[in-house]
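# What the coordinates show
Below are the chains, spelled out letter by letter.
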Amino acid sequence: MKENRSSAKPKVAASLEEVTFLELLRTTDQFSRELSTVLKPDDISPSQYNVLRILRGSPNGLACGEISSRMITRDPDITRLLDRMEKRGWTLRFRDEHDRRVVKVRITGEGLKLVASLDKPVEQAHRQQLGHLSREQLRSLCELLRNARANR
């Protein structure tokens, strides 16, 4: 005989840490999906956008490992991600002149143009997501999130 769902044991209440973790995941998922919608018309992934923003701040280029360490969401196959970006003309790889073993990546003019064209739409998306919070609430939220990551 099948057990009736209503007669199943009630779930034990989750810890506050678990509830907080789930709220973070739900928020991240929702915000990420909204950002993907903003990026979709330009056929760029959130990871590619992240790389372009990182490289825009380093006009002399960065080693692949350095890009990987700065990414928000770690991409286990940074090489393949950079291959796709280079094929699209957004980045250029070259050997470091001081250490030829090191491959560096630089953003191209086309990549700069693309990331600049996305600045306003991405900023608008962030304002829609978080604009209802006060400056003080946003500062507090940032501090709480940094503190949560601090002992990792």
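### With respect to the packing of aromatic side chains
- Counted under the stated rule, the structure contains 0 aromatic pairs.
- Here the guanidinium or amino end of Arg 106 rests over the ring plane of Phe 94, the centre of that ring lying 4.1 Å away.

### Observations concerning the pattern of salt bridges
- Inspection of the entire model under this criterion finds 12 salt bridges.
- Put simply, Arg 56 and Asp 119 hold a salt bridge, and the shortest N to O gap is 2.9 Å. Taken together, the residues Arg 56 in helix 2 (residues 46-56) and Asp 119 in helix 5 (residues 109-130) connect sequence positions 63 residues apart.

### Looking at the confidence of the model for the chain
- Mean pLDDT for the chain: 91, with 92% of residues reaching 70 or above.
- Looking over the chain, one finds the lowest element-wise mean pLDDT in helix 3 (residues 64-70), namely 91, and the highest in helix 5, namely 97.

### Considerations on the packing of helix 2 against helix 4 (residues 78-87)
- Where helix 2 meets helix 4, the axes come as close as 11 Å, and the angle between the chain directions of the two elements is 80°. The angle between helix 2 and helix 4 places the two elements in the roughly perpendicular class. Here Ser 47, Gln 48, Val 51 and Leu 52 of helix 2 lie close against helix 4, whose contacting residues are Leu 81, Leu 82, Arg 84 and Met 85.
- Partitioning the contact of helix 2 with helix 4 into residue classes produces 5 nonpolar, 2 polar and 1 charged.

### Some points on the sheet that holds strand 1 (residues 62-63)
- Judged by pairing direction, the sheet is antiparallel, and its 3 strands sit side by side in the order 1-3-2 without closing on themselves. Taken across any chain shown, the strands that pair with only one partner, and hence form the sheet edges, are strand 1 and strand 2 (91-95).
- One ladder, built from 5 bridges, connects strand 2 with strand 3 (residues 103-107); its direction is antiparallel. Residue pairing across strands places Phe 94 opposite Lys 104, the latter belonging to strand 3.
- Running at roughly 120° to strand 2, helix 4 makes contact with strand 2 and strand 3 of the sheet.

### Some points on the environment of Ala 150
- For Ala 150, the position within the fold is in helix 6 (residues 135-150).
- Given a relative accessible area of 62%, Ala 150 falls into the exposed group.
- Sequence separation between Ala 150 and Gly 57 is 93 residues, and the spatial gap between their C-alpha atoms is 25 Å.

### As for the nonpolar core
- Of all hydrophobic cores here, the largest spans 23 residues; its most connected members are Ile 44, Val 51, Leu 52 and Ile 67.
- Elements that contribute at least two residues to this core include exactly helix 1 (16-39), helix 2, helix 3, helix 4, strand 3 and helix 5.
- The element contributing the most residues to this core is helix 2, with 5 residues.
- Residues in contact with Leu 52, not counting those within four places in the same chain, are Ile 44, Met 85, Trp 90, Thr 91, Ile 107, Gly 111, Leu 114 and Val 115.

Reading the values: the criteria
- Residues numbered from 1 in each chain as written.
- Predicted model: local features only at pLDDT ≥ 70, side-chain atom pairs only at ≥ 80, totals over all residues.
- Heavy atoms only, no water.
- Phe/Tyr/Trp six-rings, centres within 6.5 Å; stacked < 30°, edge-to-face > 60°.
- Lys NZ or Arg CZ within 6 Å of the ring centre and 35° of its normal.
- Salt bridge = Lys/Arg side-chain N within 4 Å of Asp/Glu carboxyl O.
- Helix = DSSP H or I, 4+ residues; strand = E, 2+ residues; numbered from the N terminus.
- pLDDT = per-residue confidence, 0-100.
- Axes fitted to C-alpha atoms, helices over the stretch in contact; angles between N-to-C directions.
- Parallel < 35°, antiparallel > 145°, perpendicular 65-115°, else oblique.
- Contact = heavy atoms within 4.5 Å.
- Nonpolar A, V, L, I, M, F, W, Y, C, P; charged D, E, K, R; others polar.
- Pairing = 2+ DSSP bridges.
- Buried < 20%, exposed > 50% of the residue type's maximum accessible area, 1.4 Å probe, protein only.
- Core = buried A, V, L, I, M, F, W, Y, C linked by side-chain atoms within 4.5 Å.

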